[in-house]
Structure formats: structure tokens, C-alpha cells
Amino acid sequence: PCRSVLTVACEQTEVLLFDPISSKHIKTLSEAHEDCVNNIRFLDNRLFATCSDDTTIALWDLRKLNTKVCTLHGHTSWVKNIEYDTNTRLLVTSGFDGNVIIWDTNRCTEDGCPHKKFFHTRFLMRMRLTPDCSRMLISTSSGYLLIFHDLDLNKSLEVGSYPILRARRTTSTSDITSSGSSGPRAVGSPCHQNDSGLLSEKHVSRSSQREGGSPRNSLEVLTPEVPGERDRGNCITSLQLHPKGWATLLRCSSNTDDQEWTCVYEFQEGAPVRPVSPRCSLRLTHCIEEANVGRGYIKELCFSPDGRMISSPHGFGIRLLGFDAHCSELVDCLPKEASPLKEIRSLYSHNDVVLTTKFSPTHCQIASGCLSGRVSLYQPKF
């Protein structure tokens, strides 16, 4: 968060640390995990968490990198996402076992942290919290987007029931199945899953369905509109949130893997216009087709810290995209119908497919990483 360290998650069990200003290599955690490292999340300026295909999460302290603070066990498949609620100091993780797990870092010891399963769904890909932690969004490889409204992380959805808000372009609640019938995603084909039995909770109460209001942890299920994908379906591979909580950013690929799209959706507040109309909290505002390079690999894109630009992997480089040619705020240039994102600049310095890109939170700098392991840093010339 203070931009003093750039951390890099690597396929071969490693975590690399760099000084982003001097580009000097600080340290390599050569055996950070026993399998691929997938994600890194700083909890504050010294503590950070890593997650891995070895099914564990590790906590680290920048002041003592020779050993882990602790290792967290609870997932049964690859762990792909880490989120953190700074208000409650709860760590939130998700994996390809379909589970979202809450970890209480307030009671962390060398043996781990108390944890509980918050939610389970089939074909889970990515999970994010909005900046104010009022919502949780979950994307799936079958093209669904799940939104928990008025989020309460202290209330486990494994116990009791939760309201299901009527959703647009999605399966009916009769498709909800028990958790015993669901399993983790097929490992071999991350972007080609499709299943109508998406949700898997033992204690879902169909009588608790509501139209309109949003009680704590009410669930909305959407099939986001994606250009050109109405008939073929799509896989939501990357999910990010606008830093001010105004919108969500998705990277979608077609189930036939021959098209990729970057799409921006604004949050729409309030209840349906008519009691009988489905709720729909998201509206497609901007989109752009991406280079269909590196099929099957997930490309992680991001917003700039002020939310005015998007950095998106594009073949062997990255594209900087804006809502208009002047990099205006989203709220100042909302179109009546979905409009193309504007390409501000393209940057190419890799010799392999770029898989991830990230803005510095405090400095005019962008980092990108490609499949062969090269990390590039970009700064504007003034």
C-alpha cells in the first residue's frame, strides 16, 4: 500500500520482491508454497498473504521473511483469491473447491486462524469485495455473476437461510441444488464449464425470496450482458472493482474460446421499477474486444487508483483504456447505451503473452507480467 515493495506471484512456488522505484530485486521466497502461487494481498504496510494451488494461504511479515507468520488450512482445492476487510480484520479467500472462507486474523497464532465457510457455489472463478466491503461479487466459469448486498461477513451463509433477489437473464431458483451434488470445477478446462445448477447451499429457503429490498447478505444472480455472446455463453475469467465502488470490470471469454471482451458495468441502486420486474444491479456501460492470444490463460486487468483508466493485457503487451479520449471519470461520461472503451496507449515490451497488470497505488507506474516470467515496469516521461 505504501508502494515500497512490488510482490510477484510465480508458477514455480516462488514469490519475488522488488523495489518498484529502483527496479532492484530485494528477495526471493523460493519455497513460499509447495505449488503455484496464485495471488498476493497486503493487509497493511508490512503484513501480506499469499495463496496457492497447494490449497493453503500463508501470512508473511516484511520484517521477517525467512519464515511464514503462519499457514492457513481449510480449502480442498486451488486457492485463487484473497480479499481483506480492514474494518473487521477478516481475511476472505476463495478457491476452485467452490468455497469462500472467512479467516479471523484478530485471533491468529502460529497454528493458523479460526475460520468458517461463508458460501459455496459451483464453478467459482473470482471473488471480490467492494472498497467499502458492502458487497461481495463472485464470478463463475459458467457466465454467472453473484452479488451479495449489505454484506455481513460475520454471518455464515452455511447456517440458516438467505434471501434470493429475483435476477435477470439467469436460471430460476428451482435450479438450486444441495451442496452434496456439487463438486470442484474440472481442473483441465477452466473456461468451458456450464451448468444450470449453479448454487449449492444446504439451507437455502425458497420462501425467503424477496423482490426489491436488500436485507443483510441478500443474493442476486446475474448473467451479465456481453457483446456477441448471447447464444454461445461465456466464462468470466477476471473480476475487478472500481476503486470508488461505482462499477465492476470483467474480462470474459466465449465458451468456444475464440473471443475475449473487457466490459464495464455500473452499479444501479434501488429496487426494481415494478414489483414484478427482476432486480438488476448492473448495467453495461463500456466494452472492447480483446486480442485472442494465449487461449485458455486467464488475463488479470485492473483500474488505475483514481478509476479513470483501465490497464488490460493485450497479446504481448498492455493497453491503457479510458471511458473517453480525455480519461474522464466514469460518472461524468455515462452513455445511454453501451459504448466502446477508448484506447489511450499501447505498451509492448514482452516476448510472451501478458497475463497480469497492476497500477501502483500511489505512484505513476504500471507493472505487467507475462507467461515466460518477465516483469516490466512503465513510467510516463514528463
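Residues numbered from 1 in each chain as written. Predicted model: local features only at pLDDT ≥ 70, side-chain atom pairs only at ≥ 80, totals over all residues. Heavy atoms only, no water.

### Focus on the overall build of the protein chain
- A tally of regular secondary structure across the protein chain gives zero helices and 28 strands.
- In the protein chain, buried positions account for 56% of the 382 residues. (Helix = DSSP H or I, 4+ residues; strand = E, 2+ residues; numbered from the N terminus. Buried < 20%, exposed > 50% of the residue type's maximum accessible area, 1.4 Å probe, protein only.)

### Description of the nonpolar core
- Counting 19 residues, the largest nonpolar core has Val 92, Val 100, Phe 118, Phe 119, Met 136, Ile 138 and Leu 153 as its most contacted members.
- At the level of elements, strand E9 (90-95), strand E10 (99-104), strand E11 (115-120), strand E12 (124-129), strand E13 (136-140), strand E14 (145-149) and strand E16 (218-222) are the ones that each hand at least two residues to this core.
- With three residues, E12 is the largest single contributor of residues to this core.
- Core analysis: the second largest hydrophobic core is formed by 17 residues, Leu 239, Phe 267, Leu 282 and Leu 284 among them. (Core = buried A, V, L, I, M, F, W, Y, C linked by side-chain atoms within 4.5 Å.)

### Details of a negative patch on the surface
- Taken together, the side chains of Glu 11, Glu 31, Glu 34 and Asp 35 define an acidic patch exposed on the protein surface.
- In this structure Glu 34 comes out as exposed when scored by relative accessible area, which is 75%. (Patch = residues over 30% accessible without salt bridge, like charges linked within 9 Å, V, L, I, M, F, W, Y side chains within 5 Å. Areas by Shrake-Rupley, 256 points an atom, 1.4 Å probe, with all protein chains shown as cover. Salt bridge = Lys/Arg side-chain N within 4 Å of Asp/Glu carboxyl O. Lys, Arg positive; Asp, Glu negative; His and termini not counted. Charge placed at Lys NZ, Arg CZ, Asp CG, Glu CD.)

### What about the confidence of the model for the protein chain?
- The pLDDT averaged across the protein chain works out to 83; a share of 80% of its residues lies at or above 70.
- Per-residue pLDDT stays below 50 along residues 170-197; that stretch engages in 63 contacts with residues further than four places along the chain or on separate chains.
- Contacts from residues 200-212, a stretch scored under 50 in pLDDT, to residues over four places away or in other chains number 44 contacts. (pLDDT = per-residue confidence, 0-100. Contact = heavy atoms within 4.5 Å.)

### Here's the deal with the UniProt feature "repeat: WD" (unreviewed entry) in the protein chain
- On the UniProt side, "repeat: WD" (unreviewed entry) is annotated at positions that read residues 30-63 and 72-104 here.
- The span residues 30-63 is 0% helix and 53% strand, and its two end C-alpha atoms sit 17 Å from each other.
- In residues 72-104, the share of helix is 0% and the share of strand is 64%. The end C-alpha atoms are 11 Å apart. (UniProt positions renumbered as here; feature names shortened; annotations may be inferred.)

### A short note on the sheet that holds E10
- With respect to topology, four strands assemble into an open sheet ordered E8-E9-E10-E11, the strand pairing being antiparallel. Because the sheet does not close on itself, it has two edges, and the strands there are strand E8 (79-85) and E11. Averaged over neighbouring strand pairs, the angle between their axes works out to 25 degrees when direction is ignored.
- Pairing of E8 with E9 involves six bridges; the strand directions are antiparallel. Bridge pairing in E9 links Ile 82 to Thr 93. (Pairing = 2+ DSSP bridges. Axes fitted to C-alpha atoms, helices over the stretch in contact; angles between N-to-C directions.)

### As for the packing of aromatic side chains
- Inspection of the entire model under this criterion finds five aromatic pairs.
- Seen in terms of ring centroids, Phe 119 and Phe 148 are 4.8 Å apart; in terms of plane orientation they differ by 80 degrees. Their pairing is edge-to-face. Here Phe 148 lies in strand E14 and Phe 119 lies in strand E11, a separation of 29 residues in the sequence.
- Under the relative-accessibility criterion, Phe 119 is labelled buried at 0%.
- With relative accessibility at 0%, the residue Phe 148 sits in the buried group. (Phe/Tyr/Trp six-rings, centres within 6.5 Å; stacked < 30°, edge-to-face > 60°.)

### Describing the pattern of salt bridges
- Enumeration over the complete set of coordinates arrives at 17 salt bridges.
- Linking Arg 283 and Glu 266 is a salt bridge whose minimum nitrogen-to-oxygen distance equals 2.8 Å. Placement of the pair is Arg 283 in strand E20 (residues 282-290) and Glu 266 in strand E19 (residues 260-267), with a sequence separation of 17 residues.
- Residues joined by salt bridges that share partners form a network here, namely Arg 251, Glu 260, Glu 290, Lys 299, Arg 319 and Glu 343.

### Notes on the side chain of Asp 97
- Position of Asp 97 among the secondary structure elements: in the loop between E9 and E10.
- Lys 117 provides the closest opposite charge to the buried, salt-bridge-free Asp 97, at an N-O distance of 8.6 Å.

### Looking at the pairing of E12
- Of all six residues that make up E12, six are buried, and the element is covered over most of its length.
- Taken together, the five bridges between E12 and E13 define a ladder with antiparallel strand orientation. From the neighbouring strand, Arg 126 faces E13, where its bridge partner is Ser 139.
- Between E12 and E13, which pair antiparallel one after the other, the connecting turn spans six residues, and Cys 133 there sits at a positive phi close to 60 degrees.

### Quick word on the side chain of Asp 54
- With respect to the helices and strands, Asp 54 occurs in the loop between strand E5 (47-52) and strand E6 (56-61).
- Although buried, Asp 54 forms no salt bridge, and the nearest oppositely charged side chain, Lys 68, lies 5.6 Å from it.
- In this structure the side chain of Asp 54 is engaged in a polar contact, spanning 3.0 Å, whose partner is the backbone nitrogen of Glu 34.
- Contacts of Asp 54, omitting those with residues within four sequence positions, involve His 33, Glu 34 and Asp 35. (Polar contact = N/O pair within 3.5 Å; in protein donor to acceptor, adjacent residues only side chain to side chain.)

### A closer look at a nonpolar patch on the surface
- Together, Val 293, Phe 316 and Tyr 348 make up an exposed nonpolar region whose accessible area comes to about 280 Å².
- Residue placement: Val 293 occurs in the loop between E20 and strand E21 (302-303).

### Quick look at the sheet that holds strand E2 (residues 15-18)
- Spatially, three strands are ordered E1-E2-E3 in an open sheet, and the strand pairing comes out antiparallel. The open sheet has two free edges, formed respectively by strand E1 (6-9) and strand E3 (25-29), since each of these has just one partner strand. Across the sheet, the mean angle from the axis of one strand to that of its neighbour is 15 degrees, orientation sign disregarded.

### A word on the pairing of strand E17 (residues 234-241)
- Most of E17 is tucked away: eight of the eight residues are buried.
- Sheet analysis places E17 next to strand E18 (residues 247-254), joined by seven bridges and oriented antiparallel. When the bridges of E18 are listed, Leu 241 appears paired with Thr 248.
- Connecting E17 to the antiparallel partner E18 that follows it, the hairpin turn spans five residues, and Gly 245 within it adopts a positive phi of roughly 75 degrees.

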